[in-house]
Amino acid sequence: MPGMVVFGRRWGIASDDLVFPGSFELFIRVWIGTMILFTYHKGHFDCNERGVLHSYLVGLLVVLALIILSLCAIVYVSAQGTITNPGPRRSMPALVYLRALLYLPELVWACLGAVWVSDDSKGCDPATVGAVIAAVVASWIILLFTGIGVVFVFDPLGDPRPQPPTMEPLGVRDLQSSEGSQFLSTARSLAVKVWESRLRLLCCCLPQDESHRAAFSSIAQLFSSFFSVNLVPNKMEKSRDPEVIVSHSPSSPIGEDLETELEKAAHCMQFAAAAYGWPLYIYSNPLTGPCKLSGDCCRSRAAEYEIVGGDHLGCHFSSILQSTGLQYRDFIHVSFHNQIYEIPFYVALDHKREAVLVAVRGTLSLKDVLTDLSAECENLPIEGVSGACYAHKGICQAASYIYKKLVNDGILNQAFSIAPEYKLVITGHSLGAGAASVLAILLRNSFPTLQCYAFSPPGGLLSKALADYSKDFVISVVLGKDLVPRLSIPNMEDLKRRILKIVSNCNKPKYRILLQGCWYELFGGDPDDFPTEMDNRREEELGQPLLGEESLMIRHSSSYQSLASDDSPAHTATHLPLFLPGRVLHITEDGPSRRSCFSQVRYRADWSNEMAFRSILISPRMLADHMPDAVLRALNSLTSDRPFSLCPSSLNNSQRNTI
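It should be emphasised that the depicted structure is a prediction, and the values quoted were computed from it without experimental measurement.

The rules behind each value
Residues numbered from 1 in each chain as written. Predicted model: local features only at pLDDT ≥ 70, side-chain atom pairs only at ≥ 80, totals over all residues. Heavy atoms only, no water. UniProt positions renumbered as here; feature names shortened; annotations may be inferred. Helix = DSSP H or I, 4+ residues; strand = E, 2+ residues; numbered from the N terminus. Phe/Tyr/Trp six-rings, centres within 6.5 Å; stacked < 30°, edge-to-face > 60°. Buried < 20%, exposed > 50% of the residue type's maximum accessible area, 1.4 Å probe, protein only. Lys NZ or Arg CZ within 6 Å of the ring centre and 35° of its normal. Salt bridge = Lys/Arg side-chain N within 4 Å of Asp/Glu carboxyl O.

1. Considerations on the UniProt feature "transmembrane region" (unreviewed entry) in the chain
Phase 1: Sequence positions flagged by UniProt for "transmembrane region" (unreviewed entry) are, in local numbering, residues 20-40, 52-76, 96-117 and 129-154.
Phase 2: Overall, residues 20-40 shows 100% helix and 0% strand. The separation of its end C-alpha atoms is 30 Å.
Phase 3: Taken end to end, residues 96-117 comprises 100% helix and 0% strand; its first and last C-alpha atoms sit 31 Å apart.

2. A few points about the packing of aromatic side chains
Phase 1: By the definition in use, this model includes nine aromatic pairs.
Phase 2: Ring geometry for Trp 11 versus Phe 154: centroids 5.9 Å apart, planes at 75°, classification edge-to-face. In this pair, Trp 11 is assigned in strand E2 (residues 9-14) and Phe 154 in the loop between helix H4 (126-153) and helix H5 (172-176), connecting sequence segments 143 residues apart.
Phase 3: A ring pair is formed by Trp 195 and Phe 223, whose centres lie 5.2 Å apart and whose planes are at 80°; its orientation type is edge-to-face. Of the two residues, Trp 195 is situated in helix H6 (residues 178-202) and Phe 223 in helix H7 (residues 210-226); the sequence distance between them amounts to 28 residues. Accessibility assignment for this pair places Trp 195 and Phe 223 in one class, buried.
Phase 4: Members of the aromatic cluster, joined through ring pairs, are Phe 317, Tyr 328, Phe 331 and Tyr 346.
Phase 5: A cation over an aromatic ring shows up here: Arg 99 above the ring of Tyr 103, its NZ or CZ 4.0 Å from the ring centre.
Phase 6: Taking NZ or CZ as reference, Lys 464 lies 5.3 Å from the ring centre of Phe 579, over its face.

3. Brief notes about the environment of Pro 105
Phase 1: Mapped onto the fold, Pro 105 is located in helix H3 (residues 92-119).
Phase 2: The exposure class of Pro 105 is partly exposed, given its relative accessible area of 28%.
Phase 3: Sequence spacing of Pro 105 and Val 63 is 42 residues, and the spatial spacing of their C-alpha atoms is 7.0 Å.

4. With respect to the pattern of salt bridges
Phase 1: Inspection of the entire model under this criterion finds 19 salt bridges.
Phase 2: Across the pair Arg 633 and Asp 629 runs a salt bridge whose closest N-O atoms are separated by 3.9 Å. Here Asp 629 and Arg 633 lie together in helix H21 (residues 628-640), a separation of four residues that amounts to about one turn.
Phase 3: The exposure class assigned to Arg 633 is partly exposed, which follows from its relative accessible area of 45%.
Phase 4: The network of salt bridges with common partners includes Asp 16, Asp 17, Arg 89 and Lys 510.

This is the structure in structure tokens:
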């Protein structure tokens, strides 16, 4: 799947990537053309400059007709061939040149239409004026998004010009030379700068201060590294999800302890979900939620609790009250302050469980997304822990921010002065689960009895030493095929290699694969019903590079095989492995995967292992299982229907469970 070479350089988009964008634009163009044609057919030109209007509509119809024809050709040609066989699409560059040329008359006509609407449209038929305005606005929007798309598919390493013939093809030895190293360093720096520009464009609404620039730089380095070079390993095999066998150690709790932990987890999940504030509350209660919150929003209760930032109308805090059932006096500190590496949290007294509870909010803003994406490793030395201690950088800094607030500002001292006999419990969901786990590690030495319940935490969170250390006081709850607990940089690299293996052995065009994937996502089914394996292909044919005969980084040469093999330096793990925190409680649906829409879902729960989440699963439930309301619903179902929900292997003290 080589990138297209147009305008003298290779771009970050393949010739078979234009089916859906072209079809969408084609739909818009046909709609505009139909509207203009109907307006022209009515012939209501009884106004000033009627000749100009008539000529403008005729010219606009001609331009639209040419654009529609070019788009039809682009969509048709882009749908030909397969991912690894771009031969039937060799005419695509010429069609792209033609389409780019048509932007010039479109730009001229958009400017003329804007001038006519502003100066000469007085006294004209309102429907005619509205049609011209719609055409002009649509043209400007398409031109704007085209420009943004060009920025994002620009490849800083896309110069396809061949190297001088006296130079050897760039292999591993060449890249280790001084000239190769300098070239590679320059290329990487250029790629990082391009990704920084893209991130600034996406986050243009955020202030461009030092902390944001540092986050953009960190994320840009991660993205440029991940999307740098696409290689195909020479040995092709059918990729499948590994069957993970989880063995219980003698100290692993089963049976009654599982029931107890499920009850505690279901209780804590209410507080973790409540931390999201009114958006999740309204989403979970679309009919009654607005009515319940309307009486409490905008009411001033500043004297009754301490609240910091981001909740000027009080709707967030009102939803927390509704979700948790606590009273105003039970809250010690509530913070909705939100910046990069600084996430909202609240501290409350849970009298039912006799606990000082700290709940950390998950991802709900663009700033939280930047915190999530700061996925580099950061040292996290902990007294008494041997081995390498490091964690996810963004989450580690978010946890350190909350730690300073709790300890330095005396929030925990204030809580325990009110209820000295209570224990400390920390909880959160998603990003909040990761921050809660790291926060629990930071507070463990000061509060030896603390407990942490992390719901759907990020998979790339803790080093192995810290993950093992946290098993005594952290419980991670994972629902089904949730993507986030399986998400880490090494897992993404593994997924990329697996996808490349399957893609190189696929005989279907990309648009068909995507359509079948959407069908599977919406309606389920067995993905094996859609075979993608090539028939009668020799193994040596499967080892050819996906980047075509020539590429900036890799040429078709004898050095390619060493660079593309799984054991080569190019495939050596460059990112440190990170794991889920604590003991892992895995909840899965019990019964057949296909069921009627109105049938009740039944769940089962069992202890798992962080190694069972070392591979990303592609499933229609991979995002839905991450939603906090889905996790809460599964936990409530387990605790209310316990005799039928717990995994039989756990109840029978089985020594091994198959996930």
